[in-house]
Amino acid sequence: MHDDRGSYYHPNPADTRSRVYVRQGENGMEFRLWHADYPMVWDKHDWVPQATLEQAAAMYRDMGKGGNPMALYDIAVARALINEERRRKEAL
């Protein structure tokens, strides 16, 4: 999906009030969260590179925390959205 902020997907399809935006940065994919109930998250947090997210997730796991911190960040969906955006720009 796409809006004025860019390409995004819903990390939880049942909750359309939250979105993960994706873009191709200079060093790979980048992610940014938005939530209708918490607009300050978008305002206070910039784009985060995939590599940074993966490093943070590894540290989280190494600390013995449960769960999967990468669950919000779907790499396959992000790639598909970036490819779709590239095709859309090429068609213009």
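Scroll up to find the structure this text is about.
In short, a report on the structure. Since this is a predicted model, take the numbers as computed values, not measurements.

### A look at the overall build of the chain
Broken down by element type, the chain carries three helices and five strands. Ordered by position from N to C terminus, the α and β elements of the chain give β-β-β-β-α-β-α-α. Once the C-alpha set of the chain is aligned to its principal axes, its extents read approximately 50 × 30 × 25 Å. For the chain, with 92 residues in total, the buried portion stands at 33%.

### Notes on the nonpolar core
Counting 13 residues, the largest nonpolar core has Tyr 9, Val 22, Met 29, Phe 31, Met 70 and Tyr 73 as its most contacted members. Those elements giving two or more residues to this core turn out to be β3 (18-25), β4 (28-35), α2 (50-62) and α3 (75-91). Top contributing element to this core by residue count: α3, with four residues. In contact with Met 29, other than residues within four places in its own chain, are Arg 23, Gln 24, Val 48, Pro 49, Gln 50, Ile 75, Ala 78, Arg 79 and Ile 82.

### Overview of the sheet that holds strand β1 (residues 2-3)
What the five strands build is an open sheet, ordered β1-β2-β3-β4-β5; its pairing is antiparallel. The open sheet has two edge strands, β1 and β5 (48-49), and neither has a second partner. Here two bridges tie β4 to β5, and the two strands are oriented antiparallel to one another. Among the inter-strand pairings, Phe 31 is bridged to a residue of β5, identified as Val 48.

### A closer look at the side chain of Ser 7
Mapped onto the elements, Ser 7 comes out in strand β2 (residues 6-9). Among the residues examined, Ser 7 registers a relative accessible area of 2% and is labelled buried. Separated by 3.1 Å, the side chains of Ser 7 and His 2 make a polar contact. Within the structure, the side chain of Ser 7 is placed 2.7 Å from the side chain of Glu 85, a separation counted as a polar contact.

Reading the values: rules and limits
Residues numbered from 1 in each chain as written. Predicted model: local features only at pLDDT ≥ 70, side-chain atom pairs only at ≥ 80, totals over all residues. Heavy atoms only, no water. Helix = DSSP H or I, 4+ residues; strand = E, 2+ residues; numbered from the N terminus. Buried < 20%, exposed > 50% of the residue type's maximum accessible area, 1.4 Å probe, protein only. Core = buried A, V, L, I, M, F, W, Y, C linked by side-chain atoms within 4.5 Å. Contact = heavy atoms within 4.5 Å. Pairing = 2+ DSSP bridges. Polar contact = N/O pair within 3.5 Å; in protein donor to acceptor, adjacent residues only side chain to side chain.

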